[in-house]
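If you want the building blocks of each chain, they are given just below.
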Amino acid sequence: TTAPARTAFEDNDHKPVGHGRMLRKEDPRFIRGKGRYIDDLQLPGMLHLAVLRSPFAHAKVVSVDTGLAEEHPKVRLVVTGAMLAEKGLAWMPTLSNDVQAVLATDKVRFQGQEVAFVVAEDRYAARDALELIDVEYEPLDPVVDVRTALSADAPVIRDDLEGKTDNHCFDWETGDAAATDAVFARADVVVSEDIVYPRVHPAPMETCGAVADYDAVDGRLTLWSTTQAPHAHRTLYAIVAGLPEHKIRVVAPDIGGGFGNKVPIYPGYVCAIVGSLLTGKPVKWVEDRSENLTSTGFARDYVMRGEIAATADGRILALRTHVLADHGAFNGTAAPLKYPAGFFGVFTGSYDIEAASCKMTAVYTNKAPGGVAYACSFRVTEAVYLVERMVDCLAYELKADPVALRRKNFIRPDQFPYRTRTGWVYDSGNYAPTMELATRIAGYDELRAEQAAKRERGELMGIGVSFFTEAVGAGPRKDMDILGLGMADGCELRVHPTGKAVVRLSVQTQGQGHETTFAQIVAEEIGIPPQDIEVVHGDTDQTPFGLGTYGSRSTPVSGAAAALVARKVRDKAKLIASGMLEVSVADLEWSKGAFHVKGDPSASVTIQDVAMRAHGAGDLPEGVEGGLEAQICYNPENLTYPHGAYICVVDIDPGTAKVTVRRFVAVDDCGTRINPMIIEGQVHGGLTDGVGMALMEMVSFDEDGNCLSGSLMDYLLPTALEVPDWETGFTVTPSPHHPIGAKGIGESATVGSPPALVNAVVDALRPFGVRHADMPLTPSRVWEAMQGRATPP
Ligand code: CDP
């Protein structure tokens, strides 16, 4: 039996935002197996596409012989890079203004790169036919180590770029280097550390895929694809393929997790389009797990030198860092154009310091392209890891308590809005109570006492603390664009005559529950119950233009759009209500989904009454058009800056060096909370990601550039066995510029948890004199650290 879904209005009297635990509207279809993912799509006459990938990390493509594959009885089409080049389609732009090969023509530049594709009557035949393609390669020396990518004798990977003579990708600087050097020169204490954030992969449960259907008669292309940004993708397809944008429809159906992995445009999508254009049939392409892990957008891969300067009594003065960023063979990061290193500029963290500077050098290597924001707002994860590790290194040197050291340096509440030394304006924050709550839930002092007793007995227990401030919700459009597309979001709301509504979003859910939370936001504003509000998203024909879901943009940008469009509808409804009640607008009060005449409780009309009048017979007030709908495009004034305090307790087996996460306390502040249950789910997921990155996950390569993490046997993901029962709490510091005060939450836990976990492991290893050890802290790495050997990345 199924219990009827609880609704906000039954339980919480017209207050759906923040309502206790409103169940997710989308779950009945997911838990009954009725989700509709790319691979569920079956179109009449549909063909299947498979991609031939390079076994080499770096090699010249001498020849590609497709003769035998073409003879396969079930094969309809075989396409090589040379064929695409004839049509001007062999290369495509990346979202970071680089170009990437759709199919290799001259060289392959990473293992797993796309070389040719086959379209056949079924998936098996397409795969079989790949075996019949004969490619002659001439292997070249690969560039695998980011540290030697710029050496004079390193082979040049991107010789496709005119005039390119080395593997340099870009340089970027922020802060004030001279002022920072001056502060460092007069500091009592300076601590430096080399810190690696290894290459990891978002590894969504559903791999990437597409179904392309080109209708030659009316010149329309429909592309169902695993995309986090349907509108931006459509614009790029129009530009690259020269198809008119209004003839392209991009649909993102249900998506089984994105985490940044589904932001870039992959060659497979373009191949599916070409396959359909050339065969005149619908063509499906779905990656397997290895293809996803080895060829789609990775994350992180930063080699960082961190330096922190402080007074002897623990006042942090400055931070300085140099970063070597590995971007793989093509710069496939999706970041606002002005910010090639994403939002790494927030590496000053939650602390009021005097100066900061960062110099970054990004290089090409013979590895898969990417640098995507894996559950993170454009490199905020790397920034938070750097500062939170450095603060712990400082605590180590000063023999200071890591909670007390952080507290002493927090930006104070009266300093908000706070401009950081790298130019970011934190909208609001109140850090001390968040830290206080985390220490209270954890029982911090008791934990320290327990640890001291255990150390006496030779037991290895560690307590790790992190405190983070995130920057989420890109725009504003004056500062941020992706390939010239401004980072704003549209939203449209229509109220039907019977008082039910449909809200159309430009963002796209991948499991975060937008069908519920956006209905809650609109319900709160116009008083229609959330279950009567249909949320439409993920279809460019059905929704207004906007830049999509990543970097926790949805709530800060589209959530604001939804609230404002609803207010616009409510304003119009008020005019109509004034006519219905024959009073002036000023005499009306709004509460619980109805307009009431001030001082006369018996005279009121509900929003549903107004909806019927707006569409129905009878006069409307002068100048008011019929219908009850509105559309807006919301350009955020600023990012929102959620924060959080995390405390982690680990035990390490001294014999095997295995780390067990015993407890994890996460106190988050995402401003106004729309759906506490969904927030909790987002936090649980992010914390689990954090355990993966801190203890298990790394995409690694051998010296020939072979990817050693091409399956889930080799790329370890955390399961319920590796994680504790999460202990969560919250504080609420609303965003001053967001119409309902909400900030993002989707990525906070992924951002904040790795430093807490690593800080806990390093704390446990204090008796061994360990100040830092690099992720992932597998038993072998922890063991090496215990032996006094720094861990090579
Ligand atoms: O962009 P994305 O949806 O991944 O991230 P988000 O904006 O942080 O939202 C993740 C989920 O948490 C959405 O369903 C939001 O509506 C919900 N949320 C919430 O209930 N309250 C907040 N203050 C922030 C997010």
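Cut-offs and rules
Residues numbered from 1 in each chain as written. Predicted model: local features only at pLDDT ≥ 70, side-chain atom pairs only at ≥ 80, totals over all residues. Heavy atoms only, no water. Helix = DSSP H or I, 4+ residues; strand = E, 2+ residues; numbered from the N terminus. Rg over C-alpha atoms; globule rule 2.2 N^0.38 Å. Buried < 20%, exposed > 50% of the residue type's maximum accessible area, 1.4 Å probe, protein only. Contact = heavy atoms within 4.5 Å. Areas by Shrake-Rupley, 256 points an atom, 1.4 Å probe, with all protein chains shown as cover. Near = heavy atom within 4 Å. Polar contact = N/O pair within 3.5 Å; in protein donor to acceptor, adjacent residues only side chain to side chain. Nonpolar A, V, L, I, M, F, W, Y, C, P; charged D, E, K, R; others polar. Domains from an automatic or database assignment. Core = buried A, V, L, I, M, F, W, Y, C linked by side-chain atoms within 4.5 Å. Phe/Tyr/Trp six-rings, centres within 6.5 Å; stacked < 30°, edge-to-face > 60°. Lys NZ or Arg CZ within 6 Å of the ring centre and 35° of its normal. Salt bridge = Lys/Arg side-chain N within 4 Å of Asp/Glu carboxyl O. Buried area = accessible area lost by both parts, 1.4 Å probe. Pairing = 2+ DSSP bridges. Patch = residues over 30% accessible without salt bridge, like charges linked within 9 Å, V, L, I, M, F, W, Y side chains within 5 Å. Lys, Arg positive; Asp, Glu negative; His and termini not counted. Charge placed at Lys NZ, Arg CZ, Asp CG, Glu CD. Axes fitted to C-alpha atoms, helices over the stretch in contact; angles between N-to-C directions.

Quick notes on the overall build of the protein chain
Across its full length, the protein chain carries 19 helices and 32 strands. Its C-alpha radius of gyration of 27 Å places the protein chain within 12% of the 28 Å reference for a compact globule of 793 residues. Across its three principal directions, the C-alpha atoms of the protein chain cover 80 × 75 × 55 Å. In the protein chain, which comprises 793 residues, the proportion classed as buried is 63%. For the protein chain, restricting intrachain contacts to residue pairs at least 6 apart in sequence, the fraction spanning at least 24 positions comes to 79%. As presented, the protein chain carries roughly 28,400 Å² of accessible surface, and 51% of it is formed by carbon and sulfur atoms.

Examining the site of the ligand
Close contacts around the ligand come from 23 residues, with Q512, H514, S554, T555 and I745 the closest. A distance of 2.7 Å separates an oxygen atom of the ligand from a polar backbone atom of Q512. When the ligand is considered free in solution it has 520 Å² of accessible area, and contact with the protein chains removes 98% of it. Counting only elements with at least two residues in the shell around the ligand, the list comes to α14 (514–526), α15 (554–581) and α17 (676–695). Of the residues contributing to the shell around the ligand, the split by class is 7 nonpolar, 13 polar and 3 charged. Summarising the domain contributions, the shell around the ligand has at least three residues from each of domain 2 (377–474 + 639–786) and domain 3 (488–634).

A short note on the nonpolar core
Of all hydrophobic cores here, the largest spans 178 residues; its most connected members are F117, F343 and F344. The element that contributes the greatest number of residues to this core is helix α10 (residues 380–398), accounting for 11 residues. Domain assignment of the residues forming this core places at least three in each of domain 1 (39–140 + 207–255 + 262–295) and domain 2 (377–474 + 639–786). Discounting residues that sit within four places of it in the chain, F344 has contacts with W172, Y302, M304, T321, V323, C358, M360, F378, R379, E382, A383 and L386. One finds I528, A563, V624 and I674 within the second-largest nonpolar core, a separate group that totals 46 residues.

Observations regarding the packing of aromatic side chains
This model, assessed by the stated rule, comprises 25 aromatic pairs. Among the aromatic residues, ring-to-ring pairing joins Y339, F343, F378, W424 and Y550 into one connected group. Taking the ring centre of Y364 as reference, the NZ or CZ of R158 above it sits at 5.0 Å. In this structure, R199 is placed above the aromatic ring of F298, and the distance from its NZ or CZ to the ring centre is 3.4 Å.

Re unusual backbone geometry
Of note, the amide linkage connecting A474 to G475 takes the cis form, showing an omega dihedral of -15 degrees. On the secondary structure map, G475 appears in the loop between β20 (460–469) and β21 (481–482). Following M775, the chain continues into P776 via a peptide bond in cis, with omega recorded as -10 degrees. Positionally, P776 belongs in the loop between α18 (748–764) and α19 (779–786).

Thoughts on the pattern of salt bridges
A side chain of one charge can pair with a side chain of the opposite charge when the charged atoms of the two come close. The full count for this structure, using the stated rule, is 57 salt bridges. Among the ionic pairs, D106 bridges to R109, the shortest N-O distance being 2.8 Å. The exposure class of D106 is partly exposed, given its relative accessible area of 30%. Connected through shared salt-bridge partners, D98, D106, K107, R109, R158, D159 and D160 make up one network.

Thoughts on the domain arrangement of the protein chain
A common measure of how large an interface is: the accessible area buried when the components associate. Its domain assignment divides the protein chain into domain 1 (39–140 + 207–255 + 262–295), domain 2 (377–474 + 639–786) and domain 3 (488–634). Carbon and sulfur atoms make up 51% of the area that domain 1 and domain 3 hide from each other, which totals about 1,300 Å². Across the contact surface, domain 1 and domain 3 share 3 salt bridges. R220 is the salt-bridge partner of D541, the closest N and O atoms lying 2.9 Å from each other. Here domain 1 and domain 3 share 8 residue pairs in polar contact (both at pLDDT 80 or more) between them. Residue assignment for the side of domain 1 that touches domain 3 shows that the elements contributing at least two residues are α7 (230–241) and β13 (248–251). For the side of domain 1 that touches domain 3, the element with the highest residue contribution is α7, accounting for 5 residues. Across the side of domain 1 that touches domain 3, the residue classes break down as 10 nonpolar, 4 polar and 3 charged.

Describing the pairing of strand β26 (residues 588–591)
The pairing of β26 with strand β27 (residues 594–597) spans 4 bridges and is antiparallel. Counterpart to E589 in the pairing with β27 is H596. Connecting the antiparallel pair β26 and β27 is a turn made up of 2 residues, with K592 showing a positive phi of about 50 degrees.

Focus: a negative patch on the surface
Together, D65, E70, E71, D134, E136 and E138 line one region of the surface with negative charge. Contributing elements (two or more residues each) for the negative patch: α3 (67–71) and β8 (134–139). The leading source of residues in the negative patch is β8, at 3 residues. You can see D134 is positioned in strand β8.

Looking at the pairing of strand β30 (residues 643–652)
Each regular strand carries side chains that alternate between the two faces of the sheet. Burial runs high along β30: 9 of the 10 residues are buried. Taken together, the 10 bridges between β20 and β30 define a ladder with antiparallel strand orientation. Its bridge partner being in β30, V465 is matched across the sheet by I647. The pairing of β30 with strand β31 (residues 659–669) spans 10 bridges and is antiparallel. Paired with A645 across the two strands is V667, which belongs to β31. The turn joining β30 and β31, which pair antiparallel and follow one another in sequence, is formed by 6 residues; a positive phi near 65 degrees is taken by A657.

Remarks on the sheet that holds strand β24 (residues 501–505)
Strand order in this open sheet of 4 strands is β25-β24-β23-β29, and the pairing throughout is mixed. With partners counted over all chains shown, the strands left at the sheet margins are β25 (533–536) and β29 (629–634), one partner each. Going across the sheet, the axis of each strand differs from the next one's by a mean of 15 degrees, ignoring polarity. Sheet topology places β24 next to β25; 4 bridges connect them, and they run parallel. When the bridges of β25 are listed, A501 appears paired with I533. Contacts from α14 reach β23 (489–495), β24 and β25 within the one sheet, and its direction differs from that of β25 by about 130 degrees.

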